[in-house]
Amino acid sequence: MEPLFLKPVFKERIWGGTALQKEFDYDIPTEHTGECWAISAHPNGPSMIENGPHKGMTLDSLWKEHPELFGNPDGEVFPLLTKILDANMDLSVQVHPDDAYAMVNENGELGKTECWYIIDCKEDADMIFGHNARSKEELVEQMNEGNWSDLLRRVKIKPGDFFYVPSGTIHALCEGTLVLETQQSSDTTYRVYDYDRRDAEGNLRDLHLEKAIEVTTVPHRDAVSTPVIQESGNARITTFVESDFFSVYKWEVRGKSIFSIRDHYLLVSVINGEGTLSHTGNQYELKKGTHFIIPVGFGEFKIDGDCELIVSHT
């Protein structure tokens, strides 16, 4: 049994830049690369296995053909998607549906609850997180009037911050932000406002106001997540959230650390530093920008080095 290292898929976006190349040495396709789909089985961008007996398989195929690696789950689709986002410019103001709405209105797609770990951001950065409308009627009125400054809530952010973003939450990352996103495996986004930007052909991008209004939670409710920190030898484990959709942690490793995994498969992203993972006599190099999955029943393994990892599971 080996960890499954993955080749990311990159997405060009109107708001993207070059931070993914500068920070992680990725071979990005253009200077407007906004998204790294790091661990993905979504049909719009499945990751490929880069090592071991399953090398060359896409993650969606592996999920179907070797369910034992994932604990023989009931679900037909791999449930999570890990991304790194380079918000070189403001993202559109948007909202995502829940599972029930997406099932009916988006051809059986999962809903999209997500969360963000702020890897880096410019000084005095902020983001849009929620709204101030007290009713659906007020929400519609403010949207129709274009009263965005009063409607949208802005919050200050800094590196190391974590935000849990349930479906139904109006939100947008803003200029100068680099984020690791853990989300349900969905590519459904309803744009609410896009600053009247035009695409390369000079066209305004589509908005999805009717669906957005239907799915937006009114009034807005902040999803509070209180980090819990545990010291274990040379590792510091921060639990950011444990929800119905995913649990997300940060592992800070400063020297040789022992872990044991049996009941879950883990999605792991190295966001800083480097080290080695040792398991049953084999060693695997970990460096900033590496993404891998640890299968169910992997057992005990060691990570030695000086690195930070974002870890998630269902």
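The structure under discussion appears in the preceding block.
Residues numbered from 1 in each chain as written. Predicted model: local features only at pLDDT ≥ 70, side-chain atom pairs only at ≥ 80, totals over all residues. Heavy atoms only, no water.

Novice: Could you give an account of the nonpolar core, naming the residues involved and the relevant values?
Specialist: Core analysis: the largest hydrophobic core is formed by 38 residues, its most contacted members being Phe-70, Phe-78, Ile-84 and Ile-293. Sequence-distant contacts of Ile-84, defined by excluding residues within four places in its chain, comprise Leu-20, Phe-24, Tyr-26, Gly-34, Glu-35, Cys-36, Ile-119, Leu-178, Val-179, Leu-180 and His-291. Of all hydrophobic cores here, the second largest spans 22 residues; its members include Tyr-249, Trp-251, Ile-303 and Leu-309. (Core = buried A, V, L, I, M, F, W, Y, C linked by side-chain atoms within 4.5 Å. Buried < 20%, exposed > 50% of the residue type's maximum accessible area, 1.4 Å probe, protein only. Contact = heavy atoms within 4.5 Å.)

Novice: Break down the packing of aromatic side chains for me, citing the residues and quoting the values.
Specialist: Across all of its chains, the model carries 21 aromatic pairs by this definition. With centroids separated by 5.2 Å and ring planes inclined at 55°, the aromatic side chains of Phe-10 and Tyr-26 adopt a geometry described as tilted. Of the two residues, Phe-10 is situated in strand E2 (residues 9-17) and Tyr-26 in the loop between helix H1 (19-24) and strand E3 (33-39); the sequence distance between them amounts to 16 residues. Relative accessible area serves as the criterion here: at 10%, Tyr-26 is assigned to the buried category. Plain terms: the ring middles of Tyr-117 and Phe-240 are 5.7 Å apart, the flat faces sit at 45° to each other, and that makes the pair tilted. In this pair, Tyr-117 is assigned in strand E7 (residues 114-121) and Phe-240 in strand E15 (residues 235-242), connecting sequence segments 123 residues apart. (Phe/Tyr/Trp six-rings, centres within 6.5 Å; stacked < 30°, edge-to-face > 60°. Helix = DSSP H or I, 4+ residues; strand = E, 2+ residues; numbered from the N terminus.)

Novice: Account for the pattern of salt bridges, with residues named and values stated.
Specialist: Applying the stated criterion across every chain, the model contains 15 salt bridges. Measuring nitrogen to oxygen at the nearest pair gives 3.1 Å for the salt bridge that ties Arg-134 to Glu-138. With a shortest N-O distance of 2.9 Å, Arg-254 and Asp-306 are connected by a salt bridge. With Arg-254 in strand E16 (residues 247-254) and Asp-306 in strand E21 (residues 299-313), this pair connects stretches of sequence that are 52 residues apart. Overall, Arg-254 belongs to the partly exposed group, its relative accessible area being 39%. The class of Asp-306 is partly exposed, set by a relative accessible area of 47%. Linked through salt bridges whose partners overlap, the residues forming this network are Arg-13, Glu-35 and Lys-83. (Salt bridge = Lys/Arg side-chain N within 4 Å of Asp/Glu carboxyl O.)

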